[in-house]
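# Architecture and fold: a report
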Amino acid sequence: MRPSELTRYRFEGRWTLSAPPAEVYGVLERVDDYPRWWPQVRRAERTGEASGRVLVRSLLPYDLRMDIRAVRHEPENGVLEAALSGDLEGWMRWTVRPAGAGTLVLHEQDTDLAKPLLRLLGVPGRPLLRANHALMMRGGRRGLAAFLAGGGEAV
């Protein structure tokens, strides 16, 4: 692994949800509502028409602050992509597709640790940081499924 790769993380995940794709896409595009259904997203605010700021915290005792700027917003193709800056630098993408009577959501993320403490822990703590991310994503999937099933009510 090259030194520049030591603090780089790539993630991919799939969520299967029973709600229709358009409904799922509608919830995912409203980042400022994420704290209503995603327990690890502690705060989210819109800072512009296509930008926002989030504070996330999973199991590990640290907060991540990120600015998010939309770079692709394609409801007709089911794609939402954003550039990330702050404690993480890189990008993330949601792709929403029909799957039977419900929806398949693909999540992709390619980020570099920018927060100094995380950069220090990036190599020895790699398994722990990956597990922390997995727990956060599990919380997001569960929260979104419950939010959709409850008609958009906070969980």
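One structure accompanies this document, and this report is about it. (Residues numbered from 1 in each chain as written. Predicted model: local features only at pLDDT ≥ 70, side-chain atom pairs only at ≥ 80, totals over all residues. Heavy atoms only, no water.)

All told, the structure shown has seven aromatic pairs when counted by the stated rule. On the basis of an interplanar angle of 20 degrees and a centroid distance of 6.0 Å, the ring pair of Tyr9 and Phe11 is categorised as stacked. For the pair formed by Tyr9 and Phe11, the shared burial category is buried. With a centroid separation of 4.9 Å and an interplanar angle of 55 degrees, the aromatic rings of Tyr34 and Trp37 are classed as tilted. Here Tyr34 and its partner Trp37 are both found in helix H2 (residues 34-37), three residues apart, which amounts to about one turn of the helix. Of the two residues, Tyr34 and Trp37, neither departs from the other in class, the shared state being buried. (Phe/Tyr/Trp six-rings, centres within 6.5 Å; stacked < 30°, edge-to-face > 60°. Buried < 20%, exposed > 50% of the residue type's maximum accessible area, 1.4 Å probe, protein only. Helix = DSSP H or I, 4+ residues; strand = E, 2+ residues; numbered from the N terminus.)

This part is about the side chain of His107. Examined against the element boundaries, His107 turns out to sit in strand S7 (residues 102-113). Beyond its immediate sequence surroundings of up to four residues, His107 is in contact with Phe11, Glu12, Gly13, Met92, Arg93, Trp94, His133 and Met137. (Contact = heavy atoms within 4.5 Å.)

Taken as a whole, the largest pocket spans an internal volume of roughly 810 Å³. Ranked by residues supplied to the lining of the largest pocket, first place goes to strand S4 (residues 64-74) with six residues. Tallied by class, residues from the lining of the largest pocket come to 26 nonpolar, nine polar and nine charged. (1 Å grid on protein atoms, 1.4 Å probe; cavity = no way out; pocket = protein on both sides within 12 Å on 5 of 7 lines; lining within 4 Å. Points joined across faces, edges and corners; volume = space filled by probe spheres on them. Nonpolar A, V, L, I, M, F, W, Y, C, P; charged D, E, K, R; others polar.)

Function cannot be read off these values alone, since they describe shape.
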